[in-house]
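Observations on the three-dimensional arrangement
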Amino acid sequence: MISRRGFLGSAAVLAGASAISGRAQAAAIPEAPTTTATTMQPPIFPTTGPDYQPVVTLNGWTLPWRMNGDWKEFHLIAEPVVREKAHLWGYNGQAPGPTIEAVEGDKVRIFVTNRLPEHTTIHWHGMILPNGMDGVGGLTQPHIKPGKTFVYEFELKKSGTFMYHPHSDEMVQMAMGMMGMFVIHPREPQFRRVDRDFVFVMSAYDIDPGTYLPKVAEMTDFNMWTWNSRVFPGIDPLPVRLGDRVRVRMGNLTMTNHPIHIHGHHTHVSCTDGGWIPESAHWPETTIDVPVGAVRAFDMLADNPGDWAFHCHKTHHAMNAMGHNVKTVIGVQQRDLVKSIRKLVPEYMPMGADGMAMMGEMEMPMPDNSLPMMTGFGQFGPIEMGGMFTLMKIREGLAANDYKDPGHYKHPQGTVAYEVANSAAPAPQRSGAVSQPKAGPKAVRPGNAHKGH
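Here's a quick rundown of the structure. (Residues numbered from 1 in each chain as written. Predicted model: local features only at pLDDT ≥ 70, side-chain atom pairs only at ≥ 80, totals over all residues. Heavy atoms only, no water.)

1. Observations regarding the nonpolar core
Inclusion rule: In plain words, nonpolar cores are sets of buried Ala, Val, Leu, Ile, Met, Phe, Trp, Tyr and Cys residues tied together by side-chain atoms within 4.5 Å. Buried, partly exposed and exposed residues are distinguished by accessible area as a fraction of the type maximum, computed with a 1.4 Å probe on protein chains only: under 20%, between the cut-offs, and over 50%, respectively. Put simply, DSSP H or I for four residues or longer makes a helix, DSSP E for two residues or longer makes a strand, and each gets a number counted from the N terminus. Any two residues having at least one pair of non-hydrogen atoms within 4.5 Å are treated as being in contact.
By size, the foremost hydrophobic cluster in this structure holds 35 residues, and its most contacted members are Ile110, Trp124 and Phe154. If you list the elements that add at least two residues to this core, you get strand 4 (71-82), strand 5 (87-91), strand 6 (100-103), strand 7 (107-114), strand 9 (149-155), strand 10 (160-165) and strand 11 (180-185). When sequence neighbours within four positions are dropped, the list of residues in contact with isoleucine 110 reads Phe74, Leu76, Ile100, Trp124, Phe150, Val151, Tyr152, Phe154 and Phe182. Residues Val56, Val248, Ile262 and Ile288 belong to the second largest nonpolar core, which totals 31 residues.

2. Details of the sheet that holds strand 10
Selection criterion: Two strands are counted as paired when DSSP detects at least two bridges linking them. Axis definition: a line fitted to C-alpha atoms, limited for helices to the stretch in contact. Angles are taken between N-to-C directions and run from 0 to 180 degrees.
Reading across from one edge, 6-11-10-8 is the order of the four strands in this open sheet, with mixed pairing throughout. Taken across any chain shown, the strands that pair with only one partner, and hence form the sheet edges, are strand 6 and strand 8 (123-125). Recorded for the sheet is a direction-independent mean angle of 25° between the axes of neighbouring strands. Here strand 6 pairs with strand 11 via four bridges, running parallel. Note on strand 11: the bridge partner recorded for alanine 102 is isoleucine 184.

3. With respect to the sheet that holds strand 25 (residues 389-395)
Read from one edge to the other, the open sheet built from five strands follows the order 14-25-22-16-20, with strand pairing classed as mixed. In the strand order of this sheet, the two ends are held by strand 14 (238-241) and strand 20 (287-290), each with one partner. Neighbour to neighbour, the strand axes of the sheet diverge by 20° on average, direction disregarded. Across six bridges, the pairing between strand 22 (residues 306-312) and strand 25 is antiparallel.

4. Topic: the layout of surface pockets
What counts, and what does not: With a 1 Å grid spanning the protein atoms alone, the term cavity applies to any set of points in which a 1.4 Å probe fits but cannot get out, the term pocket to an open set with protein on both sides within 12 Å along at least five of seven lines, and the term lining residue to any residue with an atom within 4 Å of a point. Grid points are joined across faces, edges and corners, and a volume is the space filled by probe spheres set on the points. In this classification, Asp, Glu, Lys and Arg are treated as charged, Ala, Val, Leu, Ile, Met, Phe, Trp, Tyr, Cys and Pro as nonpolar, and every other residue, Gly included, as polar.
Estimates place the volume of the second largest pocket at around 490 Å³. The set of elements that each furnish at least two residues to the lining of the second largest pocket consists of strand 22, strand 23 (375-378), strand 24 (381-385) and strand 25. Across the lining of the second largest pocket, the residue classes tally to 13 nonpolar, seven polar and three charged.

5. Comments concerning the environment of aspartate 106
Operational definition: Whenever a nitrogen or oxygen atom comes within 3.5 Å of another N or O atom, the pair is scored as a polar contact, on the condition that within protein one atom can donate a hydrogen and the other can accept it, and that pairs from neighbouring residues in sequence are kept only if both atoms are in side chains.
Turning to its location among the elements, aspartate 106 is positioned in the loop between strand 6 and strand 7. Measuring from C-alpha to C-alpha, the distance between aspartate 106 and lysine 72 comes to 7.1 Å, with 34 residues separating the pair along the chain. Setting aside its immediate chain neighbours within four residues, aspartate 106 contacts Lys72, Phe154, Glu155, Leu156 and Arg187. A distance of 3.0 Å separates a polar atom in the side chain of aspartate 106 from a polar atom in the side chain of lysine 72. One polar contact links aspartate 106 to arginine 187, side chain to side chain, over a distance of 3.4 Å.

6. Some points on the pairing of strand 22
Burial analysis of strand 22 places five of its seven residues in the buried class, the great majority of the element. Pairing between strand 16 (residues 258-262) and strand 22: three bridges, direction antiparallel. Residue isoleucine 262 lies in a different strand from strand 22, and its bridge partner there is phenylalanine 310.

7. What about the side chain of aspartate 236?
Structurally, aspartate 236 is set in the loop between strand 13 (224-227) and strand 14. A polar contact of 2.6 Å, which involves the side chain of aspartate 236, links it to the backbone nitrogen of asparagine 59. Setting aside its immediate chain neighbours within four residues, aspartate 236 contacts Thr39, Met40, Leu58, Asn59 and Thr390.

8. Focus on the pattern of salt bridges
In plain terms, the rule: Throughout this description, the term salt bridge denotes a Lys or Arg side-chain nitrogen within 4 Å of a carboxyl oxygen of Asp or Glu.
The final tally for this structure, using the stated rule, is 20 salt bridges. When the shortest N-O distance is used, the salt bridge between aspartate 197 and arginine 249 registers 2.8 Å. Of this pair, aspartate 197 sits in strand 12 (residues 196-205) while arginine 249 is found in strand 15 (residues 245-252), placing the two residues 52 residues apart along the sequence. Accessibility assignment for this pair places aspartate 197 and arginine 249 in one class, buried. Bridged by salt links that share partners, the residues Arg66, Glu73, Arg109 and Glu153 form one connected network.

9. Side note on unusual backbone geometry
At the junction of alanine 95 and proline 96, the peptide bond is cis and its omega measures out at 0° in the coordinates. Within the secondary structure, proline 96 sits in the loop between strand 5 and strand 6. One non-glycine residue, serine 229, lies in positive phi territory at about 60°. Relative to the elements of secondary structure, serine 229 occurs in the loop between strand 13 and strand 14. Look at glutamate 384: it is not a glycine, yet its phi comes out positive at around 60°. Assessed through its relative accessible area of 27%, glutamate 384 is described here as partly exposed.

Here's what the structure looks like:
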């Protein structure tokens, strides 16, 4: 549950990214909502100011705010966070932190309290603001020491999709999960408006099985590729009503680019962290490359119902906890070797001679904080994916702003691939050979076997 306890007092107007100290000033700080939930929370609809379609964050939430005069006030707490598979650092009980959502032209006041064991700051990535609010420790402000609270104040000059992250001990703090998204809606309610608006940030971790801390000095060899610090099948699906106009905003704070691919639809790139792309300059894509330290948003019309795969197209990024020193043994006869090994390790199981697909359906014992390399099941069997993978579930008849998982797609009769009776492949035709036409294999129609699928 998100804590939405009453806010206290009214905040003093402060100039610059300034330290807050003293009992009177501390009483003016809004209380910080927190959550430990790891599923997508309902959107927060505006009750004052311009109307907009709020975003929903995959496996995350939007940070509540209070109005203090004409200032919109938020409170972020930088703190250690315990997740199911790792001990991270984040904000307000989550890593990554909550999405901050506001409107172009808003005046925002963001309080940042440091409960980390070292100093920190927050940089507002891609945003146009006064130099003293940019959040680069030592350059534009003092570092926020443990136990201290600073406040940032600025007017939101441009709408678009942005990020926030530390600029203190950046390598360590971002590797520990300190990041979040910042969405600024247009002042004009109908500008580029969509029916459903999703957002998430990509991060990567190197965590050895049996341990809980990421290797913060790692630069290239990661084994957990995540969307909002989650891996498939723990990543929320994107429920969409058939016919909806959909926007998906993706931030990348990993150490490499990610070609993000959606099945069954054509999209067009509509926004970056530099702002909106003019509609005349949109380009069509099914795979959108998101560079390091960048944001890409795509728009699409959800006109094709089904459960559509949505994933990074770097194949290792759609797997979990993958060791990169595993030898390739495809085609290797292991019979005699297995006999010898089992004399020492009776439970030894040979793997890989026929490929790695068997990993998708195995459930072998492993350390509590580890995951199978390939996991997740669909209505037809193991999906054999992990990491940066989820589903966009497009259904007719969903209610507006209904984000509940609609379950498996029911395929219309005769629209599922099926096995033919004679499954043996015909012999290849050699160059120069003359063959007589033959009747093709008799197809086994799904008939009633696929009713409801």
